[in-house]
Amino acid sequence: MDQLIKQLKQDIIEALSLEDVVADDFNADTPLFVEGLGLDSIDALELILLMERKYGIKIEDPKERRNVLRNVRTMAECITNHRNINR
Amino acid sequence: MISPQSTCNATGFPAEVVESVADRLICIEPDYREHINPIQLRRMPRILRMGLASAQICLNRANNVSPDAIIVGTGLGCLDNLEKFLLEVLDHDEHVTSVLPFINSTHNAVAAQIAMLLRNHSYNITYCHRGFSFESALQDALMLIEEKQAKNVLMGGIDECTDDFMKLHGYLGYWKKPLSNLRLLADKSSGTIAGEGSAFFIISSESSPDLPKAVIEGVHTFLAPKPFDENNVAQEIAQFLQKAGTDRQEVDAVILGLNGDAVYDRSYWALRNNYFAGHTEFMYYKHLCGEYYTAGAFALWLGSVVLENQNIPDKTRLTRKSSRPIRYLLLYNHFRNTEHSLILLKNGQF
Amino acid sequence: MYNKSQKYKQVMYPRVYVTGIGIISATGNGTEETLDSFFNLRTGIGKLSLFRSTHAGIPVAEVKYNNTILAGHAGIYEHVNTFTRNTLLALVASEQAVNNSGWTDTQEKHTGMVWATTVGGMDFNEQYYRSLLESDQHKDIIGTLDSADCTEKVAARFNIRHQVTTISTACSSSANAIMLGARLIRTNRLQRVLVGGSDSLTRFTLNGFNALEILSPTGCRPFDMNRNGLTIGEGAAALILESEETAEPDRIICELRGYANVNEAFHATASTVDGFGALLAMEKALESARLKPLEISYINAHGTGTEINDLSEGRAIEKLFGNHIPPVSSTKAFTGHTLGAAGAMEAIFSALALKYQILLPGLNFEAQMPELSFKPCLKADPYPLNHVVSNSFGFGGSNTTLILSKA
């Protein structure tokens, strides 16, 4: 799980060009939207695409999206669950 | 003005001219973090950064006046992001990995971003017609002022040179082989040197004691007839000057869009040699900024600097110095003999 | 003290009339076929057939001609392969408008052209770009890739050499072109101007909108409670605008009475949910037309069928018109959202509505939006029309409203 979180954090930083923006205290539980990183709806779309293209997970329901994209940990959990189901 | 010269932070003509040996001139860019919030900056392709920073610098110099309109001219828009998204669509069987390049590829992205940053809800238009892009934007600004719809218009011209643009237009013989930009006119081969830049201006209905005093007397654009006819250009200039209440005898200086292309520069030389009065001084500038669709913006910047200081910088001078004051200054430019444009400036002091 | 500027103002602002129109879209080629679609409630939305795509299941609104047939309609018989689909569409529509207006000699009036497009020669970009990056085999089409190509080809067709330009502001592009054309006349720079816009269907836009998740999987349902996105269309629309000083009275179709462009300055692709930008655009347009909301007979809405736009625009209409909301509809369920052509296309529909004194129908409507007090009109019924509002709201927050009036 830790390995996945580390990788996911890197993926997010790359996908959203956050290299110069992200502080050292960006961790698995930092909120991505509203507070914390303060990302917006375009970033949300990019993250959805990331989940789909790299991790093969399509999340269509808006409520589910809000839950999954809460922070890096919730995203990693979603990926892990998906992998378990597909085993 | 962000250009291949040190114009970012300069208010007048830079003390030193930058020499490059290349087939294209690349902008000297500021530290964008001084002008744009890093959180917004991260998402911006280079052209958006250039546009926003130069608009911000312009507004700072104008005491942060709130524009009544925002108008941008760009020949290519965000070509870089357009290419990016296009190639993703083509090469990855339409499985795109990012939506941002698509959003940024809309031509009005620069104007829209400026509006968002300023929270400005006023008239906001983008022109994208090759060598007319900047001049169309300028004319629109003048029209708004005539119509009393605006007092201060933020307008600019911006284009970025991309590798792909160089490659494709290289096939068409647009460019010279790499050479020193300072030898641009001395080189007799066809083709020119590519360039890029972003220049923003406040066009105002009122003059102000501490701002540059160039008055815009008129803007005119025309498509040259085919086959090209030098007399036609002379006619267009004559009619334009007449409409502005003057004539060629009164033009004290002309800034020509000479770009070193042996074929396309002929019309400029013909005018310089045959049309204007003996006292008219001539200047050129594309060795400083390169050739690009909105190079007219660089010329307007140069023209306003010349008028304000009543001095033609040596590195732009084509003719011997004259002692006459510069009252009327004409800008004449064309892009490969197709889009021709004229801007007449007058010194507000006289 | 005598106010010289007031008098100057009166002399400066001649009325602007529409004297010619031309259109090609998914609903047909020319105004007759288009009107027939409206009367018979026949949509132009259908299956993608123009090119192969991973998204072939998404409905689109194609012009029902391939490029060879379009070229014939555009009067192009040589070097057909050097004309982008966009340019062919633009030529077809412009030719109609010019003929419709009785224009025979460009030089008889001070004439200019303002065109609009969002993706220009993108169809050729898609066909040739990869190859061009590798070799110069297809170099003869390089000049067709940008946004100015179709403008200059149309200008060359009619020998228009002055005041030629292209506007690109996403979905409001051709509405802004119309606005500029009118202002060029009113500031006495021109007596006549060819204005309009064009865009062809491309993988680029299909994939772009798909990535933004705003494409309808069923065909757009403007102002419906269960609307699910927009449908992309293609086409071209051209109008001839003329000064009242030089227009021939029997060519006049309607008047372009007012216009306004504002910027939402909120988000790159979405409007505010309360309709701030839409409201401001309509208010300013009414101000420019010197009309009150009560005097508006019909609204041709931007109405793309996306969740946000219809809510945003709907709310703005409610706020502005209060208890006197005129009939409203969006024609995008017929033509799809034609991007660069949309503003001009819908201005033409508004002109036709005024000429024939009919409302324009919406389609795919079943359930009223709970947030709004109105539902779209659904039939091309006879109706007394004096003044029509036409809205075009685009990416980048560019919001334009035009007001057309019975002449």
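Residues numbered from 1 in each chain as written. Chains lettered and ligands numbered in written order. Predicted model: local features only at pLDDT ≥ 70, side-chain atom pairs only at ≥ 80, totals over all residues.

Details of the overall build of chain A
Right, on to step 1. Counting its regular elements, chain A contains four helices and zero strands.
Right, on to step 2. The linear arrangement of helices and strands in chain A, starting from the amino end, is α-α-α-α.
Right, on to step 3. For 87 residues, the compact-globule estimate of 2.2 N^0.38 gives 12 Å, and the C-alpha radius of gyration of chain A, at 12 Å, lies within 12% of that figure.
Right, on to step 4. Dimensions of chain A, computed from the C-alpha atoms along their principal axes, are close to 35 × 25 × 20 Å.
Right, on to step 5. A total of 87 residues make up chain A; the buried ones form 22% of that total.
Right, on to step 6. Here the analysis covers contacts within chain A between residues at least 6 apart in sequence; of these, 59% occur between residues at least 24 apart. (Helix = DSSP H or I, 4+ residues; strand = E, 2+ residues; numbered from the N terminus. Rg over C-alpha atoms; globule rule 2.2 N^0.38 Å. Buried ≥ 20, exposed ≤ 12 C-beta atoms within 10 Å, placed from the backbone. Contact = placed C-beta atoms within 7 Å.)

Some words on the overall build of chain B
Right, on to step 1. A count of helical and extended segments in chain B gives 11 helices and 11 strands.
Right, on to step 2. For 350 residues, the compact-globule estimate of 2.2 N^0.38 gives 20 Å, and the C-alpha radius of gyration of chain B, at 20 Å, lies within 12% of that figure.
Right, on to step 3. Expressed along its principal axes, the backbone C-alpha trace of chain B runs to roughly 65 × 45 × 40 Å.
Right, on to step 4. The burial tally for chain B puts 54% of its 350 residues in the buried class.

Side note on the interface of chain C and chain B
Right, on to step 1. Chain C puts 49 residues into the contact, and the matching count from chain B is 47 residues.
Right, on to step 2. The set of elements that each furnish at least two residues to the side of chain C that touches chain B consists of helix H5 (122-134), helix H6 (149-157), strand S4 (164-167), helix H7 (173-186), helix H8 (203-211) and strand S7 (254-263) of chain C.
Right, on to step 3. Residue contributions to the side of chain C that touches chain B peak at six residues, all from H5 of chain C.
Right, on to step 4. In the side of chain C that touches chain B, the residues fall into 18 nonpolar, 23 polar and eight charged. (Nonpolar A, V, L, I, M, F, W, Y, C, P; charged D, E, K, R; others polar.)

Observations regarding unusual backbone geometry
With the exception of glycine, the majority of residues adopt a negative phi angle, and the majority of peptide bonds are in the trans configuration.
Right, on to step 1. A positive phi angle, close to 60°, is found at Lys148 of chain B, a residue other than glycine.
Right, on to step 2. Counting through the fold element by element, Lys148 of chain B comes out in the loop between helix H6 (133-146) and strand S4 (152-159).
Right, on to step 3. For His79 of chain C, which is not glycine, the phi torsion reads 50° and is therefore positive.
Right, on to step 4. Under the C-beta neighbour-count criterion, His79 of chain C is labelled exposed, with 9 such atoms within 10 Å.

Digging into the packing of helix H1 (residues 2-15) of chain A against helix H4 (residues 72-85) of chain A
Residue and element names in this part refer to chain A.
Right, on to step 1. For the pair H1 and H4, the least separation of the axes is 10 Å and the interaxial angle reads 115°. Crossing of H1 over H4 shows right-handed handedness. Within the contact between the two elements, H1 uses Leu4, Ile5, Leu8, Lys9 and Ile12 and H4 uses Val72, Arg73, Met75, Ala76, Ile79 and Thr80.
Right, on to step 2. Grouping the constituent residues of the contact of H1 with H4 by class yields eight nonpolar, one polar and two charged. (Axes fitted to C-alpha atoms, helices over the stretch in contact; angles between N-to-C directions. Left-handed = near helix turned anticlockwise from the far one by under 90°.)

Structural notes on the pairing of strand S10 (residues 387-393) of chain C
All names here are of chain C.
Right, on to step 1. In terms of burial, S10 is a largely internal element, seven of the seven residues being buried.
Right, on to step 2. Going residue by residue along S10, you find His387, Val389, Asn391 and Phe393 tucked away on one face and Val388, Ser390 and Ser392 tucked away on the opposite face as well.
Right, on to step 3. Bridge analysis of S10 against strand S11 (residues 398-405) gives seven bridges, and the strand direction is antiparallel. Residue pairing in the sheet places Ser390 in a bridge with Leu402 of S11.
Right, on to step 4. Following S10, the chain reverses through four residues before pairing antiparallel with S11; Gly396 in that reversal takes a positive phi of roughly 80°. (Pairing = 2+ DSSP bridges.)

Regarding the environment of Leu352 of chain C
Residues and elements named next belong to chain C.
Right, on to step 1. Tracing the sequence through the fold places Leu352 in helix H12 (residues 342-356).
Right, on to step 2. A residue is classified by how many C-beta atoms lie within 10 Å of it, and Leu352, with 20 of them, is buried.
Right, on to step 3. Along the backbone, Leu352 and Leu35 are 317 residues apart, and their C-alpha atoms lie at a distance of 8.3 Å.
Right, on to step 4. Beyond its immediate stretch of four places on either side in the chain, Leu352 contacts Thr31 and Leu35.

As for the nonpolar core
The nonpolar side chains of soluble globular proteins are, as a tendency, buried together.
Right, on to step 1. Within the largest apolar cluster, 243 residues are counted, with the highest numbers of intra-cluster contacts made by Val153 of chain B together with Ile178, Leu239, Ala344 and Ile348 of chain C.
Right, on to step 2. Counting residues per element, this core draws most heavily on H12 of chain C, which supplies 10 residues.
Right, on to step 3. The residues touching Ile178 of chain C, leaving out its near neighbours within four places in the chain, are Val195, Leu239, Leu256, Gly343, Ala344, Ala347 and Leu402 of chain C.
Right, on to step 4. Judged by nonpolar contacts, the second largest core, of 16 residues, contains Leu18, Leu50, Val72 and Met75 of chain A. (Core = buried A, V, L, I, M, F, W, Y, C linked by C-beta atoms within 7 Å.)

Here we look at the sheet that holds strand S11 (residues 339-347) of chain B
Residues and elements named next belong to chain B.
Right, on to step 1. With mixed pairing, five strands are arranged side by side in an open sheet as S7-S11-S10-S8-S9. In the strand order of this sheet, the two ends are held by strand S7 (214-223) and strand S9 (281-284), each with one partner. Pairwise comparison of adjacent strand axes, ignoring direction, gives a mean angle of 20° for this sheet.
Right, on to step 2. Alignment of strand S8 (residues 251-256) against strand S10 (residues 328-335), held across five bridges, turns out to be parallel. Considered in S10, the bridge of Val251 is made with Tyr328.

Focus: the environment of Tyr174 of chain B
Residues and elements named next belong to chain B.
Right, on to step 1. Residue position: Tyr174 is located in the loop between helix H7 (163-171) and strand S5 (179-180).
Right, on to step 2. Judged by the 20 C-beta atoms lying within 10 Å of it, Tyr174 falls in the buried class.
Right, on to step 3. For the pair formed by Tyr174 and Thr192, sequence separation is 18 residues and the distance between their alpha carbons is 6.3 Å.
Right, on to step 4. Setting aside residues up to four positions removed in sequence, Tyr174 forms contacts with His169, Gly191 and Thr192.

A look at the confidence of the model for chain B
Right, on to step 1. Of all residues in chain B, 98% have pLDDT values of 70 or greater, and the mean over the chain is 93.
Right, on to step 2. Scoring of the predicted complex yields 0.95 for pTM and 0.97 for ipTM. (pLDDT = per-residue confidence, 0-100.)

So, the pairing of strand S6 (residues 197-204) of chain B
Residue and element names in this part refer to chain B.
Right, on to step 1. Among the eight residues in S6, seven count as buried, and that is most of the element.
Right, on to step 2. Relative to S6, S4 runs antiparallel, the two sharing eight bridges. Within S6, the position partnered with Asp159 by the bridge is Gly197.

Overview of helix H5 (residues 109-118) of chain B
Right, on to step 1. Burial runs high along H5 of chain B: seven of the 10 residues are buried.
Right, on to step 2. Residues Ala109, Val110, Ala111, Ala112, Gln113, Ile114 and Ala115 of chain B constitute the buried set of H5 of chain B.
Right, on to step 3. On the buried face of H5 of chain B, the contacting elements are helix H2 (46-61), strand S2 (69-73), helix H4 (100-104), strand S3 (123-127) and S4 of chain B together with S7 of chain C.
Right, on to step 4. Positioned one or two residues after H5 of chain B, Arg119 of chain B has a phi angle of 50°, which is positive.

Brief notes about the environment of Leu256 of chain C
All names here are of chain C.
Right, on to step 1. By the secondary structure assignment, Leu256 is in strand S7.
Right, on to step 2. Under the C-beta neighbour-count criterion, Leu256 is labelled buried, with 27 such atoms within 10 Å.
Right, on to step 3. Between the C-alpha atom of Leu256 and that of Ile403, which follows or precedes it by 147 residues, the distance is 6.2 Å.
Right, on to step 4. Ignoring sequence-local partners within four residues, the contact set of Leu256 consists of Val16, Val18, Ile178, Ala182, Leu241, Leu402 and Leu404.

What about helix H11 (residues 296-309) of chain B?
Residues separated by three or four positions in an α-helix point in the same direction, a consequence of the helix having 3.6 residues per turn.
Residues and elements named next belong to chain B.
Right, on to step 1. Along its 14 residues, H11 runs 20 Å from first to last C-alpha, staying within 8% of the 20 Å computed at 1.5 Å per residue.
Right, on to step 2. Of all 14 residues making up H11, 12 are buried, and the element is well covered by its neighbours.
Right, on to step 3. Just beyond H11, the residue with positive phi is Gln310, at close to 50°. (Expected span 1.5 Å × (residues − 1).)

Focus on the domain arrangement of chain B
Residue and element names in this part refer to chain B.
Right, on to step 1. Once the domains are mapped, chain B shows domain 1 (31-161 + 196-204) and domain 2 (214-347).
Right, on to step 2. Distance from the C-alpha centre of domain 1 to the C-alpha centre of domain 2: 26 Å.
Right, on to step 3. Contact with domain 1, which involves 23 residues of that partner, is made by 19 residues of domain 2.
Right, on to step 4. Taken together, the elements giving at least two residues each to the side of domain 1 that touches domain 2 come down to H6, S4 and S6.
Right, on to step 5. Here the side of domain 1 that touches domain 2 is composed, by residue class, of 10 nonpolar, nine polar and four charged. (Domains from an automatic or database assignment.)

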